[in-house]
Amino acid sequence: MSGQKHAIGIDIGGTGIKGGLVDLETGELLSDRIKLPTPEGGEPDGIVEVTKKIVDQLAAEEPDAPVGICFPAIVSHGVTLSAANVSKKWIDLHAEDLFEKSLGRDIHFVNDADAAGYAETSFGAAKGKDGLVIMTTLGTGIGSALIYDGVLIPNAELGHLEIDGHDAESRAAYSAKEREDMSWEKWAKRLQKYYSTLEFLFTPDLFIVGGGVSKNYQEFLPLLDLKTPIVPAVHRNNAGILGAAALAVKG
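This section reports on the structure supplied with the text. (Residues numbered from 1 in each chain as written. Predicted model: local features only at pLDDT ≥ 70, side-chain atom pairs only at ≥ 80, totals over all residues. Heavy atoms only, no water.)

**Details of the pattern of salt bridges**
- On inspection of all chains with the given rule, the structure shows four salt bridges.
- For E43, the salt bridge is made with K89, and the minimal N-O distance between the two is 3.0 Å. Within this pair, whereas E43 is found in the loop between β3 (34-37) and α1 (44-59), its partner K89 is found in the loop between β6 (79-80) and α2 (95-103), the two being separated by 46 residues in sequence.
- For E43, a relative accessible area of 37% puts it in the partly exposed group.
- Taking the shortest distance from any N to any O, the salt bridge between D56 and K52 comes out at 2.9 Å. Pair noted here: D56 and K52 are both in helix α1, with a separation of four residues, about one helical turn.
- Taking relative accessible area as the criterion, D56 reaches 38% and is therefore assigned partly exposed. (Salt bridge = Lys/Arg side-chain N within 4 Å of Asp/Glu carboxyl O. Helix = DSSP H or I, 4+ residues; strand = E, 2+ residues; numbered from the N terminus. Buried < 20%, exposed > 50% of the residue type's maximum accessible area, 1.4 Å probe, protein only.)

Below you can see the structure in the form of structure tokens.
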């Protein structure tokens, strides 16, 4: 890590874009969390414009702070290869270049689940853990992040593993529980199958469960029978901001 103690993290989502100035030693926000709505349609120019507003506001406090941005897409070498809950115009777009041009500064650009996983490694449930940590976020789909000895292995799409002929997230995401009006017990059976499969394929040292539903972790995590310890994420709402900021310095 360089001598930077603070960085700006921006988390772009389908409904809102939020950002903050982060203390890289404690993982605390040094500024208010700024949140603006994602422009209707989620098109590149609109999102870049709103992001610039937030970055400019935060950079007024600290002009030299590095900037990390996380985004709901597979990100490879600064190019967005997919688009979740935003315009399809992002697919195969040189997004990192687009942001850098608009912001007039270098940024670190990363997938949102990867940023959340890295936040847990830097400041949360996986801090100081050796070996393989698998973070999963249970929401509309299943986001995932793989971290080995503190190093992020980017763009793991473990929600799309095929289990029993189905895309895993179509049966085990929190949205499936809601859609099918499942009890916690019934949903936990689906999660059991999912996490047992991950356990068999990867032999991880720790599972971390994020997403909004993780605040109710006591309703379903105790129902799972795994060899691997499984714990709730510490940082839910701010995970993207914290992880993007930490990666801005690391990256």
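**Comments concerning the environment of A7**
- Here A7 lies in strand β1 (residues 6-12).
- By relative accessible area, A7 is classed as buried at 0%.
- The spatial distance from the C-alpha of A7 to the C-alpha of L58 is 9.7 Å, given a sequence separation of 51 residues.
- Residues within four places of A7 in sequence aside, it is in contact with G20, L21, V22, L24, A65, P66, A245 and V249. (Contact = heavy atoms within 4.5 Å.)

**Considerations on α2**
- Every buried residue of α2 is accounted for by A95, E96, F99 and L103. Buried positions in α2, seen along its axis, are confined to an arc of 100° and lie on one side of it.
- In this structure, the buried side of α2 is in contact with β1, α1, β4 (67-71), β6 and β7 (107-111).
- G104 lies just past α2 and shows a positive phi near 70°. (Arc of directions from axis to C-beta.)

**Thoughts on unusual backbone geometry**
- Unusually for a residue other than glycine, N85 sits at a positive phi of about 65°.
- Secondary-structure assignment places N85 in the loop between β6 and α2.
- For N85, a relative accessible area of 62% gives the class exposed.
- Of note in the backbone geometry, D149 takes a positive phi value of approximately 50° without being a glycine.
- Considering the arrangement of structural elements, one finds D149 in the loop between β9 (142-148) and β10 (151-153).
- Here D149 falls in the partly exposed class, since its relative accessible area comes to 43%.

**Some details on the sheet that holds strand β13 (residues 206-210)**
- Strands sit in the order β10-β9-β8-β13-β14 across an open sheet of five strands; the sheet is mixed. The open sheet has two free edges, formed respectively by β10 and β14 (230-232), since each of these has just one partner strand. Here the average twist between neighbouring strands, direction ignored, is 25°.
- Inspection of the sheet shows β9 paired to β10 by three bridges, in the antiparallel sense. Bridge pairing links I147 to L152 in β10.
- Strands in contact with helix α3 (residues 112-123) are β8 (132-138), β9, β10 and β13; relative to β9, the strand with the most contacts, it is inclined by about 45°.
- Strands in contact with helix α6 (residues 184-202) are β8, β9, β13 and β14; relative to β8, the strand with the most contacts, it is inclined by about 150°. (Pairing = 2+ DSSP bridges. Axes fitted to C-alpha atoms, helices over the stretch in contact; angles between N-to-C directions.)

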